[in-house]
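In case you want the letters, here they are:
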Amino acid sequence: MSETMTIAPEQKAATGNSNKMLFAMVGIGLMCALLIVLTYEGTKPIIAKNKAAALEQAIFKVLPGTMTTAGYYWDGNAFSPLKGTEAEGQRVYAGFSESGTLTGFALPAVGLGYAGEIRVLYGYDPAQEALVGFYVLESKETPGLGDKIEKDPAFLANFEALSVAVGTDGNSLKNEITYAKSGEKQNAWEVDGITGATISSKAVTEALSTSTAEWVPRLYEAKERFKPQTQSHE
Amino acid sequence: MFKQTLHISTSPHLKLGVSTDDIMRNVVWAMLPASAFAVYAFGLSVFLLLVTSVVAAILTEHLLCRWSGKESTVNDWSAAITGLLLGLTLPPAFPLWMAFVGSVIAIALGKFAFGGLGYNTFNPALVGRAVLQAAFPAAITTWHPAFLEGRFTDIASSTLALPFMEPTYDAVSGATPLSAFKFDGVAADSADLALGLVSGSAGETCALLIVLGGIYLIARNMMNWRIPVSILLTVYVLSGIMHWVDAEAYPSPVFMLFSGGLMLGAVFMATDMVASPLTAKGVVVYGVLIGLLVVVIRLWGGLPEGVMYAILLANAVSPHIDSALQNRVYGTNKKAKAV
Amino acid sequence: MGLFNFGHKTFRHGIHPPEHKSETNGLPIRQFAFAPLLVLPVSQHIGAPSKIIVREGQEVMRGQLLAEAGGYVSVPLHAPVSGRVRKIANVPTAKGEMSLGIYLEAFPASGQEVLESDGLDWETATPEDILQGIQNAGIVGLGGAAFPTHVKLKVPEGKQCEVLLLNGIECEPYLTTDHRVMLEQAEDIFMGIRYLLKATGAPRAIIGIEANKKDAAEHLSRNIPEGLPVTVEVVPVKYPQGSEKMLITSVMGREVPSGGLPIDVGAVVVNVATTAEIGRLLPHGRGIQERVVTITGPGVKKKGNYLIPVGTPLRFVLEEVGVADNLSEVYLGGPMMGMAVSNLDISITKGTSGILAFTDNEVRRADKVYPCIKCGACVDACPISLNPSQMGILAKFEAYDEMAADHNLMDCFECGSCSYVCPSNIPLVQYFRMSKGVVRKRAAAKKEAANV
Amino acid sequence: MNKHTDKSGFFAALEDSSSADTFLRGLWKDNPVFVQVLGMCPVLAVTNTSMNALAMGLATAFVLLMSNVLVSSLRHFIPKQVRIASYILIIATFVTITDYAIMAISVELHKSLGAFISLIVVNCLILSRAEAFASKNTVGQSMLDALGMGVGFTFALLCLGVVREVLGSGSIFGFGLFPDGFQNWIVMILPAGGFFTLAIWLLLFNILKQKRATT
Amino acid sequence: MKEESLWYIFINASLINNFVLAYFLGICPFLGVSGKLETATKMGGAVTFVMLISSVCAYGINAFLIAVGAPFLQLISFIVVIASTVQLVEMFVRKMSPALFRALGIFLPLITTNCAILGLALFQTQKGYGMVESLVYALGAGAGFTLALVLIAGLRERLEFAEVPGVVKGTALTLLIAGILSLSFMGFAGLGG
Ligand SMILES: Cc1cc2nc3c(=O)[nH]c(=O)nc-3n(C[C@H](O)[C@H](O)[C@H](O)COP(=O)(O)O)c2cc1C
Ligand SMILES: Cc1cc2nc3c(=O)[nH]c(=O)nc-3n(C[C@H](O)[C@H](O)[C@H](O)COP(=O)(O)O)c2cc1C
Ligand SMILES: Cc1cc2nc3c(=O)[nH]c(=O)nc-3n(C[C@H](O)[C@H](O)[C@H](O)COP(=O)(O)O)c2cc1C
Ligand SMILES: Cc1cc2nc3c(=O)[nH]c(=O)nc-3n(C[C@H](O)[C@H](O)[C@H](O)CO)c2cc1C
Ligand code: SF4
Ligand code: SF4
Ligand code: SF4
Ligand code: SF4
Ligand code: FES
């Protein structure tokens, strides 16, 4: 059936050999490239959709009442709609309710925990001047101890209304988020820690503290300018 | 006149006369004061904990020997040491079933799998504890306070947790001096530390009684004094320097010496000769390495305490220490040949 | 005291077994009774056996030659008593084998006079004369090895003897012969030194003595003859300091290279009793007939240091001094290196420095052997700084070649310090003796195979 | 088209009793993990849950199957000198395809398998089957071999995954097994647990072997 | 956002998340050559060497692929480049230093199919490390790999003469040691942060 079986190898002597090698490699290379590109193109829309859905899911979790979202990035002076190539640290997602009112912003933050980086997404509502939601994107913390930051209801309750009021000068927080030992929370801007997982809960606190100190004043100032995506371009 | 037949034996005909089981038995004696204090400070729960871990260790050793067709080696006392030491390193209200599991692992994995007494390259008791710490991190970092009222009549609820079930902890639970320092910046009083008036693992709290046991063994030439001395000296000097640099951030060297499992580890665990180097020089390097790791983990690591990991890591390095620091064989260096 | 440099010079490692010397070190040397029948193996030394020159039935005088040297590494044998050669046949030896020897029946009224030949004047004799004289006198190392002394004294071409070291250490527990010899025979020792200095060409001599024999050290240093270049060096008590390698290290601070001889570091080591014998015998041209032996141990009734004729049967000796009923073990030599004997028909030889008798109460036998727990006691004990722990494990796994190649097995001189300290009762030195044997045999086999 | 080429069909190969052997060999006697000790990294790294183990096993089996088929069909076309390079190219292609496929199926799963999907490229099990079997046998035989080895590999991964998940998380394929309050043995899902579990499986195999040898 | 310091990257790759003991990368050479200390040391050296080189290459390739918009060729290019790098290094070393070649020679081809190398390339890309960070990461990973290998080799050499039960001998024992070592390395958690 196939020619390769009928052609005796000695017919293609020494001269033909390197040609054959080249031919084979190029042939295989082309075939491989074709297969890969086909798969890539075939799966691209599905993957993009999956990823977007996962992101939305997360945003909905940290911004209660959100129906639609829109991505922005900080270019140093102002917020512009996402183009897709910006670094993660520059991004922020705005959420809007059914009626189109701003429900808040979702932002990622990173802290160094017990077993490496902890990546979280948190929701900031400028109307309440508080964090209103919190979700762990990625963590390697010890199951049973450090992973309480994802599951412990008492700890998660911290982020239902964690005060991040902007100070009078407009570019810093009145009170930065600070850590308090379990059961010793006094103020609205303190995070009530987890006994037995001090390192992890402190890491989360620090991640939020650093991120909010940088972003919240900016977002608070610009909050009026965010509109649902359809008319978002300013 | 000579009725009896004479025995033939090969020289030397004299023996120092201290045998391995003597040493092991005496190590158990030396640990008894600290064990008794643990029972006194934490009550019935610790008594049950120690009994469980010792019995489980001896039972495991016996059954493994039987199963593999060897003569039982439980009467060399080494399994009892492993069990007792494991018990002493566990939190006072640690669930008994977990302690049982730990002892089985210590003997089966830490000792038997390597060929039994004399061949274990890691300290068996610490292998048991390390597995427990990784398996049940919550239980092993939950500390029960010392000197509770009614400790001789009540048993902590976590102690009696059902096998394979998560324990429920009594509401009262104390922080160890080390975690109090690391996470809250509070240093305990040195006298309290030395006398054991603090919370911590069952057998680690009373530094003085541990030292006493160590001195007894050293005096009877049953323990290598170089190991505890080099560990403690290293910790003292290093943490002294750090404390001098920044007294706020780093605890005092005395605090470092008497807190946590350092004394227990330096006196009874790092000195396990099986997993430590052979030569005098090697043993000092081993001690310094342990001291260094303890200081590094305590001051800069994520965990408040690092004695167990320091000893296990030094165990792993000890073959290299051994081969690097062999004595020079008599008459074989260049100097001798040059003469 | 200022007389000698006190006690910091010593070698690495070593052990401190209980000394047990006080029971006999105060007892002067006494002449032992003559046994009715002496048993004299012709091989009492390392090297070729002596060649018998007497016939069965022949009458011999005390001091008469019974056998002459069987070669260069060999010495003659002299009659210890006057009597008749009863039989020339196989005799029992301490090693347990039979070997050729002479049964000599003592005359009941044997006189004290000894046959003499031409003496050798130390001032006029040449070194060669002295070496010949030493061989003719049948002298072998009395320190225990029984190696022909004249061979050892011959300094090879190109080497130089810087120091003549006199071994008065006597580090074995229980033994006190050298101690008594130093106290009672100082004159003979100094005379012997004169011969030895001449024979070896050494400019000076050092007497090494352990600190538990300070009286001997004082006695000797006070009596050093005018102009004789001798010093006394006192070293701390530690086993096995009496081994020539350790002694050289303690006194001279040098190490004999692995596989080498003392002369490689400019030393020749001779035991003090050997020296005394040389000093006593050579001026009169006599041969060895008797030696000092410490008889002691918990099983012995009349302990002491006795001058015993060579060839006296062990049974006779024990009957004379009286032993306990529950006798269990008898050793020739000290308890650390000596050999246990089962046959009391063997006899005292030139190499016998002590006889120890232990009863059932003292002997700790058949202790349970545990695995090596890596305690390092043996490593800290081994004077050669070997790793007995590792070698013991290798021996158990029969890795003999690895022991020799990587662990210097052949440097082990079998002092037994490692076995003494091992808490796990591992028969370390016993393993090493056997392993050395195997290695030697393998090397010989290989050589043979190469030659074929 | 003669009888010979006919025989190389998949079903024909399956009928052949030696072919059944080809298939079963990978499953048990020459199990890539327990017997050949190949491709250990994924075995240890992604077996902390049964789901991961299954997914990784199937992904590897898929790559193995596809690359075996391709290598076998191209075996007369690929010159000897460049065969390893071609195999690597082919394997990398299928790994990339698998990678995207899994991402399309579930982002979550892709995240938990991490880089180990990509690392299938260097799993020597695949290269060794390509070199040792597919390059010398018919397409049908190679398929059988790949299926056998792939199933054997998946089976081994599951052996670890199930044990580790049951003890470490108290569940199997995510379904809780025990009543509330079961104490998870967290060490089992940590790296050390991977080493221990594999060691214990090997131990069991050794004991089994010893038992069989003595009887 | 907090930047990882170079020191942290090194400690993290070598101790905290050791490639062998925590990430299970390079297990096969780990099991294969950890029996003898000498070979373990050489293998460690060879792996570190190749890691450093392929780290730089991977950084360059990744930048290029992103620029041309063909991220799907990432894996295929990495593996091809690593394989060729190993070949080139092998040829280069053979020419330049026959002694080094004799020491590393047999290990170099083995490394081609070592997942630690490819894993390094993938991880550094995933983490978005720059050039210098990638190099430090490679150095840490190599050092950690060597450390794990050398420690196990020492223990295995010592256990060669031990009365290890027959059923534990071999791979099972090596895995048990690795497990205990992996537990011990957990003590480094949180360092360098
Ligand atoms: C094996 C192990 C894993 C641990 N994992 C975590 C962790 O993931 N997160 C954490 O905060 N603490 C972890 N810890 C506990 C910390 O070391 C420390 O004990 C605890 O955070 C102190 O909290 P406390 O002072 O409130 O008891 C772990 C401890 C061990 C022994
Ligand atoms: C075959 C042989 C040859 C010897 N040759 C010499 C020698 O030439 N010079 C020397 O000083 N000692 C020589 N010796 C003696 C030994 O070095 C050593 O003194 C003797 O074995 C007793 O030593 P010891 O009592 O310390 O065991 C020789 C020994 C033997 C067995
Ligand atoms: C372990 C050991 C201990 C020894 N102890 C002594 C000793 O205490 N006194 C002694 O004279 N020789 C002792 N020797 C023998 C010496 O090494 C050396 O052979 C002897 O002093 C040489 O003198 P000699 O040939 O006159 O006997 C010992 C040998 C060994 C191997
Ligand atoms: C001073 C000393 C300390 C010891 N420490 C330990 C120890 O920490 N853990 C242990 O399992 N055994 C210990 N042992 C007992 C013994 O060495 C141990 O059972 C062996 O490691 C088992 O082979 C110790 C023994 C002595 C003499
Ligand atoms: S017998 Fe050998 S190994 Fe033992 S201490 Fe003496 S010289 Fe060392
Ligand atoms: S003295 Fe005995 S138990 Fe101790 S290390 Fe030496 S051989 Fe081992
Ligand atoms: S190629 Fe990969 S799977 Fe194969 S032995 Fe090497 S590391 Fe292991
Ligand atoms: S990449 Fe493959 S071959 Fe290499 S160590 Fe990992 S599993 Fe083994
Ligand atoms: S008694 Fe010590 S060497 Fe002879």
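Let us look at the site of ligand 4. Residues and elements named next belong to chain B. Close to ligand 4 lie 21 residues, the nearest being T82, N120, N123, F268 and D272. Contact distances for ligand 4 include 3.2 Å between an oxygen atom and a backbone N or O atom of A125. Bound to the protein, ligand 4 loses 100% of the 540 Å² it would expose on its own. For the shell around ligand 4, the element with the highest residue contribution is helix α3 (residues 78–88), accounting for 4 residues.

This part takes up the interface of chain D and chain B. Between chain D and chain B, the contact holds 12 residues from the first and 14 residues from the second. Of all residues in chain D, the largest losses of buried area upon contact with chain B belong to D:Q183, D:W185 and D:V187, amounting jointly to 51% of the total for that side. Counting every contact that joins chain D to chain B gives 0 salt bridges. Across the contact surface, chain D and chain B share 4 residue pairs in polar contact (both at pLDDT 80 or more).

This brings us to the arrangement of the chains. Counting contacts across all 8 pairs of chains that touch, the top-ranked interface belongs to chains B and C. A minimum C-alpha distance of 23 Å separates chain C and chain D, which share no contact.

A word on the interface of chain B and chain C. With 42 residues of chain B at the contact, the number on the chain C side is 68 residues. When the two sides are added together, the surface that chain B and chain C hide from each other amounts to roughly 4900 Å², 57% of it contributed by carbon and sulfur. Interface area lost by chain B to chain C is led by B:L6, B:L278 and B:Y330, which between them contribute 18%. Between chain B and chain C we count 1 salt bridge in total. Here B:R328 ties to C:E255 by a salt bridge, and the two come within 2.8 Å at their closest N and O atoms. Across the chain B-chain C interface, the total number found is 21 residue pairs in polar contact (both at pLDDT 80 or more). When residues of the side of chain B that touches chain C are traced back to their parent elements, those giving at least two are α1 (20–42) and α15 (334–338) of chain B. Here the side of chain B that touches chain C gets 4 residues from one element, more than from any other, and that element is α1(B).

The subject of this paragraph is the environment of E:E160. Residues and elements named next belong to chain E. In this structure, E160 sits in the loop between α8 (131–159) and α9 (171–185). Classification of E160 by relative accessible area gives partly exposed; the value is 42%. E160 sits 125 residues away from G35 along the chain, and the two C-alpha atoms are 9.0 Å apart. A distance of 3.0 Å separates the side chain of E160 from the side chain of K36, its partner in a polar contact.

Bringing the domain arrangement of chain C into the picture now. Residue and element names in this part refer to chain C. By the assigned domains, chain C splits into domain 1 (127–284) and domain 2 (377–451). The gap between the C-alpha centroids of domain 1 and domain 2 is 29 Å. The interface is formed by 7 residues belonging to domain 1 together with 6 residues belonging to domain 2. When domain 1 packs against domain 2, close to 500 Å² is buried across both sides, 59% of that on carbon and sulfur atoms. Three residues, Y239, P240 and M246, lead the burial of domain 1 against domain 2; their summed loss comes to 59% of the area buried on that side. The tally of links between domain 1 and domain 2 comes to 0 salt bridges. Taken together, the connections running from domain 1 to domain 2 amount to 2 residue pairs in polar contact (both at pLDDT 80 or more). A class-by-class count of the residues in the side of domain 1 that touches domain 2 yields 3 nonpolar, 3 polar and 1 charged.

Another point: the site of ligand 8. Of all residues adjacent to ligand 8, which total 13 residues, the nearest are D:C41, D:V122, E:I27, E:C28 and E:C115. At the level of secondary structure, the elements contributing two or more residues to the shell around ligand 8 comprise α4 (40–45) of chain D together with α2 (27–33) of chain E. For the shell around ligand 8, the class distribution of residues is 8 nonpolar, 5 polar and no charged.

A separate point is the packing of aromatic side chains. Using the criterion set out here, one finds 39 aromatic pairs over all chains in the structure. Each ring, one from A:F134 and one from A:F159, has its centre 4.3 Å from the other, and the planes form 25 degrees; the classification is stacked. In this pair, A:F134 sits in strand β6 (residues 130–138) while A:F159 sits in the loop between α4 (153–157) and β7 (162–163), placing the two residues 25 residues apart along the sequence. One exposure class covers both A:F134 and A:F159, and it is buried. Ring geometry for C:Y331 versus C:F358: centroids 5.3 Å apart, planes at 50 degrees, classification tilted. Highlighted residues: C:Y331 in strand β15 (residues 327–332) and C:F358 in strand β17 (residues 354–359), separated in sequence by 27 residues. When its relative accessible area of 5% is taken as the criterion, C:F358 is described as buried. Ring pairs connect the aromatic residues A:Y72, A:W74, A:F79, A:F105, A:Y124, A:W215 and A:F226, which therefore count as one cluster. Cation over ring: C:K87 sits above C:Y103, and NZ or CZ is 5.3 Å from the ring centre. Residue placement shows C:K238 over the ring face of C:F11; its charged tip is 4.5 Å from the ring centre.

Criteria and thresholds
Residues numbered from 1 in each chain as written. Chains lettered and ligands numbered in written order. Predicted model: local features only at pLDDT ≥ 70, side-chain atom pairs only at ≥ 80, totals over all residues. Heavy atoms only, no water. Near = heavy atom within 4 Å. Polar contact = N/O pair within 3.5 Å; in protein donor to acceptor, adjacent residues only side chain to side chain. Areas by Shrake-Rupley, 256 points an atom, 1.4 Å probe, with all protein chains shown as cover. Helix = DSSP H or I, 4+ residues; strand = E, 2+ residues; numbered from the N terminus. Contact = heavy atoms within 4.5 Å. Buried area = accessible area lost by both parts, 1.4 Å probe. Salt bridge = Lys/Arg side-chain N within 4 Å of Asp/Glu carboxyl O. Buried < 20%, exposed > 50% of the residue type's maximum accessible area, 1.4 Å probe, protein only. Domains from an automatic or database assignment. Nonpolar A, V, L, I, M, F, W, Y, C, P; charged D, E, K, R; others polar. Phe/Tyr/Trp six-rings, centres within 6.5 Å; stacked < 30°, edge-to-face > 60°. Lys NZ or Arg CZ within 6 Å of the ring centre and 35° of its normal.

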